[in-house]
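Chains, contacts and geometry: an overview
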Amino acid sequence: MIDPQLLRDDPDLVRRSQQARRSSVELVDEAIAADRERRDAITAFEALRAEQNAFGKLVAAAPKDEKPALVQQAQQLASEVKAAQLVAGEAEERFARVVGSIQNVIIEGVPEGGEDDFVTLREVGEKPTFGFEPRDHLAIGELLDAIDMPRGVKVSGSRFYFLKGVGARLELALMTYALDTALDAGFTPLITPTLVKPEVMSGTGFLGAHADEIYYLPADDLYLTGTSEVALAGYHADEIIDVSNGPLRYAGWSTCYRREAGSYGKDTKGIIRVHQFQKLEMFSYIDPADAEAEHERLLAMQEGMLRSLGLAYRVIDTAAGDLGSSAARKFDVEAWVPTQGAYRELTSTSNCTTYQSRRLDIRHRGESGKTAPVATLNGTLATTRWLVALLETHQQADGSVLVPEPLRPYLRGLEVLEPVA
RNA sequence: GGAGACGUCGCAUAGUUCGGCCUAGUGCACCACCCUGCUAAGGUGGAGUCCCCGCAAGGGGACCGCGGGUUCAAAUCCCGCCGUCUCCGCCA
């Protein structure tokens with residue numbers, strides 16, 4: 001939820017944000033009207049309630065013979081209070097619904113427009129060239145007996161797979177390397193639940209436009225999370241936390257589940273787009289004043305990971321219309337995938353400012369002692385998809401794959417993944 | 001899954017019998033000040049969260065696990081749910 005105060009103080013800022021996202025600008029005026037109605041209704045109700053409270057004391061203190069008359073008056077008052085309360089409740093609900101559907105206000109500088117309107121901030125690293133016809137990641141994975149798609153499909157259906165042998169080990173190596181990187185940066189590891197309650201799922205802003213991306217278990221009214229961000233954001237829900245000595249930083253390790261509805265025919269080959277994968281996710285709770293600096297820090301860690309693994313990449317500043325409802329700004333790091341001749345997203349980092357924390361009621365105490373919402377940020381540090389870029393980038397003519405130096409300790413010193421005869 | 005007990009302002013508790021003097025008492029911890037020459041003891045005062053009105057001072061409302069209900073009036077009575085603990089059963 002956006003700051004209702006902002007709606008009153010600077011509605012134009014909110015309008016511009018909605019405009020940049022190509023979302024409804026009228027919603028802003030609707031929200032302002034709903035806010036006015038809500039406050040009027042509350043004021044009316046509370047005045048009546050105050051009268052009722054005072055009257056109640058009168059009744060209680062009155063001598064027995066005067067009570068019946070007073071009670072009769074009180075009954076009249078009570079019905080008025082009840083009606084006013086109903087009106088106030090409805091106004092409150094309407095306001096929450098309208099304001100809740102306004103997306104987070106974007107940060108100054110975020111490019112306007114949709115998916116294709118991103119701005120490339122930089123390209124880093126040399127795109128690999130080969131003296132042979134490079135194989136795609138699936139072909140390599142099969143040569144190494146590392147990826148088994150047909151059996152994944154047999155067991156679970158399309159977009160499922162088995163990671164086997166060095167494939168399984170490579171994923172674990174990557175994840176553990178990422179975890180250690182996060183540890184060195186002071187993050188606290190957290191292995192999170194992957195099933196969450198509706199209020200947590202909606203609190204993180206995932207039940208909006210893309211609700212059909214999410215697996216839901218009706219029998220238990222639980223959602224399968226598409227990223228540990230959900231559980232990490234819910235971790236401190238309804239709490240007042242202390243970020244005065246620096247942010248709370250967590251590294252969440254979890255399996256992620258995505259329905260990939262509406263992506264039929266897209267990336268059907270290999271493990272680029274799958275229903276289930278592993279991810280190591282960074283998450284920060286921080287004083288909103290420091291959020292943008294933290295965003296840069298998370299991005300720097302992501303870039304450091306890709307660089308250390310010898311991957312060529314670009315960093316893009318996602319356009320407003322392509323941001324999730326919670327994000328005020330989002331940077332994606334995309335690795336070069338040789339056989340596709342394209343950059344593909346490996347990481348994403350979002351600054352959600354106070355949007356999520358308002359919904360989830362996560363606050364800190366400011367210098368004045370007043371409570372205020374914290375800012376939340378998240379960013380990927382590794383996922384299964386990285387294997388695609390790793391395998392393709394470091395492949396050799398004979399089908400073997402060089403293991404980037406940082407991963408070797410996690411593979412018992414293995415330097416080359418050799419094809420299985 | 002079955003039976004029972006419990007859920008109160010940071011922690012611990014009182015209050016629930018018989019609804020109104022509970023705008024929730026007390027102890028500990030906490031903050032400020034006072035007293036005492038020092039880590040102790042004592043005294044005074046303060047202190048929660050959310051919302052509304054107001055430039056402010058201040059005023060008002062809500063919150064006793066959550067949600068409904070009864071009533072002029074609910075921490076207190078009724079219903080549902082959630083959670084914790086104990087016992088039993090079942091499964092690992």
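Residues numbered from 1 in each chain as written. Chains lettered and ligands numbered in written order. Predicted model: local features only at pLDDT ≥ 70, side-chain atom pairs only at ≥ 80, totals over all residues.

So, about the overall build of chain A. Helices and strands together make up the secondary structure of chain A, namely 12 helices and 18 strands. Across its three principal axes, chain A shows a C-alpha extent of roughly 100 × 45 × 45 Å. Every one of the 421 residues in chain A was classed for burial, and the buried ones make up 41%. Pairs at least 24 residues apart make up 73% of the contacts formed inside chain A by residues separated by at least 6 positions. (Helix = DSSP H or I, 4+ residues; strand = E, 2+ residues; numbered from the N terminus. Buried ≥ 20, exposed ≤ 12 C-beta atoms within 10 Å, placed from the backbone. Contact = placed C-beta atoms within 7 Å.)

Okay, the domain arrangement of chain A next. In terms of domain boundaries, chain A breaks down into domain 1 (4-100) and domain 2 (115-417). For domain 1 and domain 2, the distance between their C-alpha centroids amounts to 43 Å. (Domains from an automatic or database assignment.)

Before going further, it helps to examine the protein's contact with RNA strand B. In the region of RNA strand B, 16 residues are neighbours, and A50, A60, A74, A78 and T371 sit closest. Counting only elements with at least two residues in the surface near RNA strand B, the list comes to α3 (26-61) and α4 (67-100). Broken down by element, the surface near RNA strand B gets its largest block of residues, 10 residues, from α3. Per-class residue counts for the surface near RNA strand B are seven nonpolar, five polar and four charged. (Near = placed C-beta within 6 Å. Nonpolar A, V, L, I, M, F, W, Y, C, P; charged D, E, K, R; others polar.)

Read across the open sheet, the three strands follow the order β5-β7-β6; overall the sheet is antiparallel. Strands at the two margins of the open sheet, each flanked by one partner only, are β5 (195-196) and β6 (216-217). Summarising the sheet, β6 and strand β7 (residues 222-224) pair through two bridges and their orientation is antiparallel. Paired with L217 across the two strands is L222, which belongs to β7. (Pairing = 2+ DSSP bridges.)

As a packed pair, α3 and α4 sit with axes 8 Å apart at the nearest point and diverge in direction by 160°. Taken together, the axes of α3 and α4 are roughly antiparallel relative to one another. Seen along the crossing, α3 lies across α4 with a hand that is left-handed. Across the contact of α3 with α4, the residue classes break down as 24 nonpolar, two polar and 10 charged. (Axes fitted to C-alpha atoms, helices over the stretch in contact; angles between N-to-C directions. Parallel < 35°, antiparallel > 145°, perpendicular 65-115°, else oblique. Left-handed = near helix turned anticlockwise from the far one by under 90°.)

Among the eight residues of helix α12 (residues 386-393), eight are classified as buried, and the element is accordingly described as predominantly covered. Check the buried side of α12 and you find it contacts α5 (137-143), α7 (166-184), β12 (329-337), β13 (342-351), β16 (375-383) and β17 (401-402).

Across soluble globular proteins, nonpolar side chains show a tendency to be buried alongside one another. Judged by nonpolar contacts, the single largest core of 103 residues is most densely connected at A178 and A335. Shared between two domains, this core holds at least three residues of each, these being domain 1 (4-100) and domain 2 (115-417). (Core = buried A, V, L, I, M, F, W, Y, C linked by C-beta atoms within 7 Å.)

Quick look at the environment of V14 now. Looking at where V14 falls in the secondary structure, it is placed in helix α2 (residues 11-20). With 374 residues separating them along the chain, V14 and V388 place their C-alpha atoms 40 Å apart. Sequence-distant contacts of V14, defined by excluding residues within four places in its chain, comprise I2, L6, L7, V28, I102 and V105.

Let us now look at the pairing of strand β1 (residues 119-124). Residues in a regular strand point their side chains to alternate faces of the sheet. Of all six residues making up β1, only zero are buried, and the element is barely covered by its neighbours. Two strands pair when backbone bridges link them, and β1 and strand β11 (residues 313-317) are joined in this way by five bridges, in the antiparallel orientation. Paired with R122 across the two strands is V315, which belongs to β11.

In this structure, E260 is a non-glycine residue whose phi angle is positive, near 55°. Here D361, not a glycine, exhibits a phi torsion of approximately 60°, which is positive. Within the secondary structure, D361 sits in the loop between α11 (355-360) and β14 (363-365). Take D361: there are 14 C-beta atoms within 10 Å of it, and that puts it in the partly exposed class.

Moving on, we get to the packing of α2 against α3. Packing of α2 against α3 leaves a shortest axis separation of 8 Å and a crossing angle of 145°. Together, P11, V14, R15 and Q18 of α2 and L27, V28 and I32 of α3 make up the contact between the two elements. When grouped by side-chain class, the residues that make up the contact of α2 with α3 number five nonpolar, one polar and one charged.

With respect to topology, three strands assemble into an open sheet ordered β8-β14-β15, the strand pairing being mixed. Sheet topology places β8 (240-241) and β15 (371-373) at the edges, where each strand pairs with a single neighbour. Bridge count between β14 and β15: three bridges; the pairing is antiparallel. Bridge pairing in β15 places H364 opposite A372.

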